[in-house]
Amino acid sequence: MVTAATTNQDVRRQVSDAEWERRVDLAACYRLVAMFGWDDLVFTHISARVPGPEHHFLINPYGMFFEEITASSLVKIDAEGNKVMDSPYDTNPAGFTIHSAIHAAREDALCVLHLHTRNGIAVSVQDEGLRAYSQQSLFPLASLGYHDYEGVALNEDEKPRLVADLGDANNLILRNHGLLTVGETVADAFLAMYLLESACQIQVLAQSTGQTLREVPDPIVAGIKQQADKVTRGLGGKLAWPGLLRKLDRRDPSFRD
C-alpha cells in the first residue's frame, strides 16, 4: 500500500529542489481553488512546467479532489500526457489537451489554470462577454481573448484555434465552457484567475439587480490596455502569494507533503 508519507519521501528524493518548489506551489494552487469554491469535482486541471530543459509538466492525479492534492501526488508527464516518472496515480490524458496546446505555443505560460466556475460560465454565454463594470474587470480586460465552444476538448484539430484565440493574452474566456489563465509562475496564473473570476462574479451580481449598469469609461479601459505588461506581470508572486501560502499553512499544511 502506498502511503502519503512514503510517496512524499520517494518523490522528494527523485526530484530537484526547483521541481519540489514548483510541486508545492502547484499543490497550493489546487488547494486554493478548492478553498475558494472554484473546483468542479475532478473535472478541471491546473498544469505547471517542470523547471529544466525537458518539456515535462505536473498535473493532478485523475479522480483526486483538489482539496486532497499534495506536492508528491502530482504526476509528471510529457507533452503528450504520458507519465515520465513512476507514480501510483493515473492521469486523464484528455484533460491535458487544452494545456498541452498552450504550453507548446507559449514559452512564458509555465502554468495553465482552467476552471469551470459558475460565474465564469455565466459570463461566457453572454454575447458581449466580460464588461468593464468594476475595477477588478480592468485587469483581465487588459489581456483577454475568447474561444468559441467546439464540444468537449478532445479534438487535436481544435488546438491551433485555441492557441490563436489566446494569442499573447493571459486570460481566456472559453465560450459556454469556463475560464483559463496563464502565468510565468503558478502565483501569477492564480492571481489572474482570482481577478477574472471576481470580475465575472461582480458582473453577474450587478446584472441580477435589474438596474441600469454604469461601465468604466472607455478612455480608462484603453489606458489600462496600453499598460497591460505592467498591470498583469509580477503581481502574484511578489504580493499575494506568500500570504496565500501562510493562509493554507494555518488551515492545513498537508499540501506540502
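Residues numbered from 1 in each chain as written. Predicted model: local features only at pLDDT ≥ 70, side-chain atom pairs only at ≥ 80, totals over all residues. Heavy atoms only, no water.

On to unusual backbone geometry, then. Outside of glycine, negative phi angles account for most residues, and trans bonds account for most peptide bonds. The residue Leu-41 is not glycine, and still its phi comes out positive at about 55°. Note on placement: Leu-41 falls in the loop between α2 (17–35) and β1 (45–49). In this model, Asn-176 sits at a positive phi of 60°, which is unusual for a non-glycine residue. In this structure, Asn-176 sits in the loop between β6 (171–174) and β7 (178–183). (Helix = DSSP H or I, 4+ residues; strand = E, 2+ residues; numbered from the N terminus.)

This part takes up the pattern of salt bridges. By the definition in use, this model includes twelve salt bridges. Notably, a salt bridge pairs Arg-106 with Asp-108, separated by 2.8 Å at the nearest N-O pair. You can call Arg-106 buried: its relative accessible area is 9%. (Salt bridge = Lys/Arg side-chain N within 4 Å of Asp/Glu carboxyl O. Buried < 20%, exposed > 50% of the residue type's maximum accessible area, 1.4 Å probe, protein only.)

A few words now on α2. Between the first and last C-alpha of α2 there are 27 Å, a value that for 19 residues agrees with the 27 Å anticipated at 1.5 Å per step. At the C-terminal side of α2, Gly-37 shows a positive phi close to 75°. (Expected span 1.5 Å × (residues − 1).)

What follows deals with the packing of aromatic side chains. On inspection of all chains with the given rule, the structure shows eight aromatic pairs. Judged by centre distance (4.7 Å) and plane angle (85°), the ring pair of Tyr-30 and Phe-66 falls under edge-to-face. Here Tyr-30, found in helix α2, pairs with Phe-66, found in the loop between β2 (57–59) and β3 (75–77); they are 36 residues apart in sequence, far enough to count as distant. Here Phe-66 falls in the buried class, since its relative accessible area comes to 0%. Seen in terms of ring centroids, Phe-36 and Trp-38 are 5.1 Å apart; in terms of plane orientation they differ by 25°. Their pairing is stacked. A relative accessible area of 7% places Trp-38 in the buried class. Ring pairs connect the aromatic residues Phe-36, Trp-38, Phe-190, Tyr-194 and Trp-241, which therefore count as one cluster. (Phe/Tyr/Trp six-rings, centres within 6.5 Å; stacked < 30°, edge-to-face > 60°.)

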